[in-house]
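# Structural features, examined
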There are 2 protein chains.
Amino acid sequence: MTATAPRESQADCTAHPPVYRFGGGAAEADGRMKELLGGKGAGLAEMSRVGIPVPPGFTITTEVCNAYYAGGATFPAGLAEEVRAGVAHIEQIVGSGFGDLQNPLLVSVRSGARVSMPGMMDTVLNLGLNDATVEGLARVSGNARFAYDSYRRFVAMYGDVVLGLKPASDREHDPFEVLLDARKQARGVALDTELDTADLRALVGEYKALIRERLGVDFPEQPWDQLWGAIGAVFSSWENPRAVAYRGMYGYPSSWGTAVNVQAMVFGNLGDDCATGVVFTREPATGERRLYGEYLLNAQGEDVVAGVRTPQPVGRTAGAPGGESLEELMPQAHAELAEACARLEAHFGDMQDVEFTVQQGRLWILQTRSGKRTGRAMVQIAADLVAEGAIDEREALLRQEPEKLDELLHPTFDRSELTHVIARGLGASPGAAVGRVVFSADDAAQWAERGEAVILVRAETSPEDVVGMRVARGILTARGGATSHAAVVARGMGKCCVTGCGALDIDYHAQSMRISAADGKPVVVRQGDTISLDGATGEVMLGAVALRDPVLPDAFERLMRWADDARRLRVRANADTPEDAALARQFGAEGIGLCRTEHMFFGENRILAVRRMILADDERGRRAALADILPMQRDDFRGILSAMEGFPVTIRLLDPPLHEFLPQQPAEIADVAAALGVAPAEVARRVAALHEFNPMLGHRGVRLAVTYPEIYEVQVRAIMEAACALAAEGVRVVPEIMIPLVGLQDELRMVRASVVAVAESVIAEMGVSVEFTVGTMIELPRACVVADTIAEYADFFSFGTNDLTQTTFGLSRDDASRFLPAYVTQGLLPRDPFVELDREGVGGLIRIGIERGRSVRPGLKIGICGEHGGNPASVEFYHEQGFDYVSCSPYRVPIARLAAAHAALAGAETMLRAD
Amino acid sequence: MTATAPRESQADCTAHPPVYRFGGGAAEADGRMKELLGGKGAGLAEMSRVGIPVPPGFTITTEVCNAYYAGGATFPAGLAEEVRAGVAHIEQIVGSGFGDLQNPLLVSVRSGARVSMPGMMDTVLNLGLNDATVEGLARVSGNARFAYDSYRRFVAMYGDVVLGLKPASDREHDPFEVLLDARKQARGVALDTELDTADLRALVGEYKALIRERLGVDFPEQPWDQLWGAIGAVFSSWENPRAVAYRGMYGYPSSWGTAVNVQAMVFGNLGDDCATGVVFTREPATGERRLYGEYLLNAQGEDVVAGVRTPQPVGRTAGAPGGESLEELMPQAHAELAEACARLEAHFGDMQDVEFTVQQGRLWILQTRSGKRTGRAMVQIAADLVAEGAIDEREALLRQEPEKLDELLHPTFDRSELTHVIARGLGASPGAAVGRVVFSADDAAQWAERGEAVILVRAETSPEDVVGMRVARGILTARGGATSHAAVVARGMGKCCVTGCGALDIDYHAQSMRISAADGKPVVVRQGDTISLDGATGEVMLGAVALRDPVLPDAFERLMRWADDARRLRVRANADTPEDAALARQFGAEGIGLCRTEHMFFGENRILAVRRMILADDERGRRAALADILPMQRDDFRGILSAMEGFPVTIRLLDPPLHEFLPQQPAEIADVAAALGVAPAEVARRVAALHEFNPMLGHRGVRLAVTYPEIYEVQVRAIMEAACALAAEGVRVVPEIMIPLVGLQDELRMVRASVVAVAESVIAEMGVSVEFTVGTMIELPRACVVADTIAEYADFFSFGTNDLTQTTFGLSRDDASRFLPAYVTQGLLPRDPFVELDREGVGGLIRIGIERGRSVRPGLKIGICGEHGGNPASVEFYHEQGFDYVSCSPYRVPIARLAAAHAALAGAETMLRAD
């Protein structure tokens, strides 16, 4: 049939040909021409060039788009001829005709800018259908219902996208849907699929009548009119409000324009020699190298997605009854698919997720993209691709998403099971835990001692709960965010934790919690009931969900070695016990960046001595209690230092306010009083006297050393006695003593002098020489501002970004859950600043701190030991700022190693670009 | 007698004559020669030059000191001759002879560097006495006991200072004191004065024997030997460890050296024609221009100080019985004294504190210095001196100590009364208050309503107590520092307040407090007992101490006018009520820099509506309660805006966390529940739900607007309705709307848009045009760091230095009292950073904030509304940093005006010096 011509302007304003064809194993363009052809057009050209059987088509350039706007919504001269040639190109390859009554060619018309703008612009499918060609389609497909359903959809889509028939207001439904619903109702059916061919044909009539009535125009029956209308509509959609807003958000200029892709429609539902499916070039869960996918015979792509029919495997499955795979049923198509997949993977150098259709025995590849995969597969595939010579190690590293490693490092739930999710909190520390509910740390300890797996449930946790947290399989709290006490401690322990689960209403007295489910009646969970926690998703499930243990693949070790070669930043772990230290070493930690000494104070044998110290009336009493604590602390440090042999161990002297060690409940107070032999009222009085309005800003850190110097003295003695004893045994120890919460030069000067004096006297007493350094945490804004004066007395700085974030923002992480979600929802904060470092504010202070610190001590060693130490985006910042190391929980060490490698590779790239 | 010669070096190393003589109405040097003669030597020369009868003497230069050290503790050539001439000069004027047996000349030998180093170096008095001359002194004075007592003291002092007979260790007592004590014990007497001449003579013998025994040398009997020994000792003392440490502290170089002053001793105790006394050239309490002083006949200076005898007035007292004044008893000496005083005042241009002695009818001026005075006298004297033409206005302003103005502005206790001080806390807000003790804000309100003067006593205060604080005469708390809630609010109200009185043990249940006095048995004070509080000294007194009301002298107004002419900084007040606003205007405030809206929420009629708002379940409920609050807030703002007509009023939208408005005690909770018609448990639940771990860092400030935008909307409506109504009546109003606790650009962007929208809709509704601005408090470190982005949406910045200090230091002012005193005691912090701005840390952030803020908005108006706004040292900083204004409590406005003038004058001086 003859092609109608569109309205053409006289302008000749394109530097390149207006149309580029592709398909049939060749293309006029290639994958690098994104600016001219858009991402999709360039991709289709590239696939064609390398012999992938993509449905043929052509791309109208972005220059034409600009010309279209320049000409006042007219097409540039010469375009019509090129489009006609393009359609002829398609007809020739597919063997059908545009508007042909016997074997009509249908095309899709899609937008495609140089960057993906998903859903922002318009698309028209099945173009080329009209009252005549639909009959041809019915005949060719042997399926009149399919033909009319396609026609119905096309008319509606065209009416909406090209002709602009939209709902009159936000409150109105889509008018085509209204007609569809009316017909279903009239026929007494619920599903579209229950309508028959006659219904669909009638609907086409109703749709067209609606268009005429609402818009005063006829639906264009002429396929060429349809095509030019669709091309114009796609160009116009470049300036629709959604697209304009999207570009504004990302700063993309209007001048980029969009290309238009016109491509043959192919159908997998024209008979039993047709099929459609999706295939991964490697197993997306494990990374195994085999085609892994599903298909449906005689079906459309949407049927696979809809799940109405059960798809069959693409490849023959070993051990399965067989006979249903594509490999067996369509060996030729399967062989072509395997060939295309191999070609695609080789070309893109990564595992691909490929959509394909077999139309009458002929394979078409509709789309390919890098396939989504699990953390395990991510690691395996990258390592295999390197082994296969497809990519180099650098590329393999850059392909890793550090956060996804987390999946490999914790046990996970077997999600194939049905689960009863009763509440959802914040996934605060990944992992999966199953256990019986207890509501106090004491119960947790008792139950655990008799071998029970327990989940500790608290409104929130405090340092007193740490013993219970350590023995619990998982922790669930009603309050607190991603960096609440529970979350931080749990992550440090690598323990599953769900926080801020607001639906919990805990009744400690009744030893039960009531969960007000949003969707149903409340559930009551009592002490001893079994629940399951997913620390990644924040789900709380009733009963025991099956668990899968992690096994680290060999590929993981290989990748980590490459990462270690690439990175500059050292990676240490935060660890408080020999067990954690050993675990950290296993994960590749190169030292301990933060060993908190307060957790040791909560040990069963120590807490009483600690409380005696706190409740003592004078220094003499405190020293007596401390003398009992000394040997225990010395053993702690001995364990940690020897577990980290040869690596530095940064030990932070006591940090929390003393009241955290005292009991708060009357019963506990009575116990403590009895143990100490004083009146409960006296203990209660002391507890009350130590109460603080803002403990975060209170009497803690180095301030304890100013008022009670004997505490740090004893801690330093314990550290150095352990270090000297080990050194005498030939163990290499590298203790780094860290003073927390320093804000004034004089604080550090004074405390450093005392630390050095004690350390040197221990060295003299024991007659062993041990090198030690003394540094400070930088966790107050003032410390950053006066870092030059502080650096005079510091061998190292370790940025405590948790507290620095709290003070810089004036934001208590324990209280922020009340309003921080609103901030994120309203877009005031792009993300929780306790999870990813706030580069602008907190980072600005860190920059000042580093610059001033190194201005007086150029070689100053600088690290970070906050929660952000294991956050990949933050690690990049630390790399850029010249940190020496990051420190994070043992379970995040591999993630930090990888992130550090990424930062180094990105940095090298930047330098190259700058050259 | 002949002079013995000292050991002389051959070095001729002094550029100036080695000795300068003074006395007899002339001097060889003058007051400008401090570098050569030291401060004391130059002063004595200056006084001599202008005819003041100072005891004659001579000064050995600092050059000689350096030569002494250069020569290895030898005197330079030629010095001996000059010293002999100097002594001859003294002998000639005084009419006595050095070593003369009949009328012996005694001299003092004193150090004197170019700056005063009090107590750091050595002094020898009564030099020239020996076994022979002491008899001459006894005869001349007619008082053998005096002569031997002088001799005894001289030998001991010489033995210590020159010969170096010191205690063998820190634990040993002064060996001369040991001998004295032994003799007193032997004689069975308690006081030195009970020993007779024979005792003293025997002691001289024992002292000399001790010197011989311990040092192996004889006490030098020869006066010339004594003199050279003393001169050498004074030079040597320049390098003693005390002096070296002192110089190190201030950075004074060793090369300055010290001069030595040798001066005739004069005695006021040689008979009834002798006297000694102290006189102020003006009344130090009132500034009245008259000689004001005391003297004793036939006495030594130390007798006046010791208070053993009651001194008599120098001048004739009107209305007194008379007959005992110096004016009456020694008219000639009195006339000479008056003449000398007039001359001194004219010469130094300031009120002088003059020590004098009359020896045998002859007046000697021993010392003069600027006299200490009360705030009232400070003001009066400066204004009078300007009126008399003695100084100019600039000088008068620089003479004012801003803090001392405080005395003028508050009522004070009449300290002539006997008082029973039962406890001592921190003088947190000056003033004097007498009233009956109550232990709750409610009782304070009830008692005050029936006309009782009450003192509110609390462990600490919270915003709930503000109503009670307002009606109380004074506030006393057991806990909290100079910037605790009680202190800040009280200062804002200009109300007497004593905080942190740790001796109080309050029993709210028994309505009493127990005060454990350090020195005796505890005192119990019950509700209704009367106490008196001194807000300046922190004293708590039992019973009612009489009060004196302040009357502002005319001189004060004059000085303030000069200050206003001199300063660049504007001064505003922090005021929350029309009364405070009016008071602030009286004190010269040029607007309100901080009007807190939360105090209004505690008003009797409002608190219920406020609580309804907080306890509402949803926005609709909150809006309903806010609708009731709106008209009340509108009235508040109407009052304040009209009291400040023509001046800007910065109104801060709601800042504190909502839980501060809710009751905490079960009884109060029950009341509220009843009033609101809900179950007490529901109120209790809500109170518990709003509990915060760190309220300082919690859900407050602009964060309230993010979660409950309706609160600010209603406040802005109230402000603008009041402003528009006033404008319609022709009242000039300048509202400035301030958003607290902003840390993110987007917070301010969003809230500003809402504020502007509400304000403009009110303007449109009321049809009146009112100019308004919208700005923000800068009180978080992050706000300083990102000030450039925040400034894009801020018409003004007001630095909230209270919170900025808390967050920068990571220091809760409510909790700091536990360790801040230790910091100050140990010298870690030079001063409480909540009282005087920490220039290095907090000031460093302020500098960053201003620099970045003005980088995008050069004309950005910048103020400060923290407590530091009224602190003179901090005001200087604000001036230097280019602030536009400071804002402080109304009572501190005059102080800030004066401080601002000082800063401007100092700044001008710096500029002049730089030219």
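The coordinates are above.
A brief look at the structure comes next.

Thresholds, definitions, all that
Residues numbered from 1 in each chain as written. Chains lettered and ligands numbered in written order. Predicted model: local features only at pLDDT ≥ 70, side-chain atom pairs only at ≥ 80, totals over all residues. Heavy atoms only, no water. Pairing = 2+ DSSP bridges. Helix = DSSP H or I, 4+ residues; strand = E, 2+ residues; numbered from the N terminus. Axes fitted to C-alpha atoms, helices over the stretch in contact; angles between N-to-C directions. Buried < 20%, exposed > 50% of the residue type's maximum accessible area, 1.4 Å probe, protein only. Least-squares fit on C-alpha atoms with pLDDT ≥ 70 in both. Contact = heavy atoms within 4.5 Å. Salt bridge = Lys/Arg side-chain N within 4 Å of Asp/Glu carboxyl O. Buried area = accessible area lost by both parts, 1.4 Å probe. Polar contact = N/O pair within 3.5 Å; in protein donor to acceptor, adjacent residues only side chain to side chain. Nonpolar A, V, L, I, M, F, W, Y, C, P; charged D, E, K, R; others polar.

## Points about the sheet that holds strand S20 (residues 523–526) of chain A
All names here are of chain A. Spatially, S18-S19-S20 is the arrangement adopted by the three strands of the open sheet, whose pairing is antiparallel. Sheet topology places strand S18 (504–507) and S20 at the edges, where each strand pairs with a single neighbour. This sheet shows a mean twist of 20° between the axes of neighbouring strands, independent of strand direction. Pairing between strand S19 (residues 512–515) and S20: four bridges, direction antiparallel. Along S20, the bridge assignment pairs Met 513 with Val 525.

## Structural notes on unusual backbone geometry
Residue and element names in this part refer to chain B. You will see that Asn 298, though not glycine, has its phi angle at about 45°, which is positive. Note on Asn 298: relative accessible area 28%, which makes it partly exposed. For Gln 360, which is not glycine, the phi dihedral falls at a positive 50°. Within the element layout of this structure, Gln 360 appears in the loop between strand S11 (352–359) and strand S12 (362–370). With relative accessibility at 38%, the residue Gln 360 sits in the partly exposed group.

## Thoughts on the relation of the copies chain B and chain A
Once chain B is rotated about the relating axis by 179° and shifted along it by 0.0 Å, it coincides with chain A to within an RMSD of 0.3 Å. The superposition of one copy onto the other is thereby described by a two-fold rotation axis. Distance from the rotation axis, computed per C-alpha, reaches its smallest value in chain B at Asn 694 of chain B: 2.1 Å. Mapped onto chain A, 100% of the interface residues of chain B again fall at the interface, so both copies present the same surface.

## A short note on the pattern of salt bridges
Residues and elements named next belong to chain A. Under the counting rule described, the total for this entry stands at 128 salt bridges over all chains. For Asp 199, the salt bridge is made with Arg 183, and the minimal N-O distance between the two is 3.4 Å. Of this pair, Asp 199 sits in helix H7 (residues 197–215) while Arg 183 sits in helix H6 (residues 175–187), and the two are 16 residues apart along the sequence. Between Arg 752 and Asp 795 there is a salt bridge, and its shortest N-O distance comes to 3.3 Å. With Arg 752 in helix H28 (residues 745–766) and Asp 795 in the loop between helix H30 (787–791) and strand S29 (796–799), the pair connects residues that are 43 residues apart, well separated along the chain. Of the residues examined, Arg 752 reaches a relative accessible area of 18% and is grouped as buried. For Asp 795, a relative accessible area of 22% puts it in the partly exposed group.

## Section: the interface of chain B and chain A
How big an interface is tends to be expressed through the accessible area that disappears when the partners come together. Between chain B and chain A, the residue contacts involve 50 residues of the former and 50 residues of the latter. Considering only the side of chain B, the residues that lose the most area to chain A are Phe 693, Leu 697 and Arg 782 of chain B, jointly responsible for 15% of the buried surface there. Here chain B is connected to chain A by four salt bridges. The closest approach of N and O atoms between Asp 838 of chain A and Arg 782 of chain B, which form a salt bridge, is 2.6 Å. Viewed at the interface, chain A and chain B are joined by 24 residue pairs in polar contact (both at pLDDT 80 or more). Going through the elements one at a time, helix H26 (702–707), helix H28 (745–766), helix H29 (781–785), helix H31 (801–809), helix H32 (820–825) and helix H33 (842–856) of chain B are the ones with two or more residues in the side of chain B that touches chain A. Its residues assigned to classes, the side of chain B that touches chain A shows 23 nonpolar, 15 polar and twelve charged.

## Comments concerning the sheet that holds strand S2 (residues 57–60) of chain A
Sheets are built from strands paired through backbone hydrogen bonds, the pairs being either parallel or antiparallel. All names here are of chain A. With antiparallel pairing, the five strands of this open sheet are ordered in space as S1-S2-S5-S3-S4. The sheet terminates laterally at strand S1 (19–22) and strand S4 (123–127), the two strands that pair on one side only. Within the sheet, the average angular offset between the axes of one strand and its neighbour, ignoring direction, is 20°. Alignment of S2 against strand S5 (residues 259–264), held across four bridges, turns out to be antiparallel. Each residue of the ladder has a partner; that of Ile 60, found in S5, is Val 260. Contacting S1, S2, strand S3 (107–112) and S5, helix H1 (residues 34–49) crosses the sheet at an angle of about 35° to S5.

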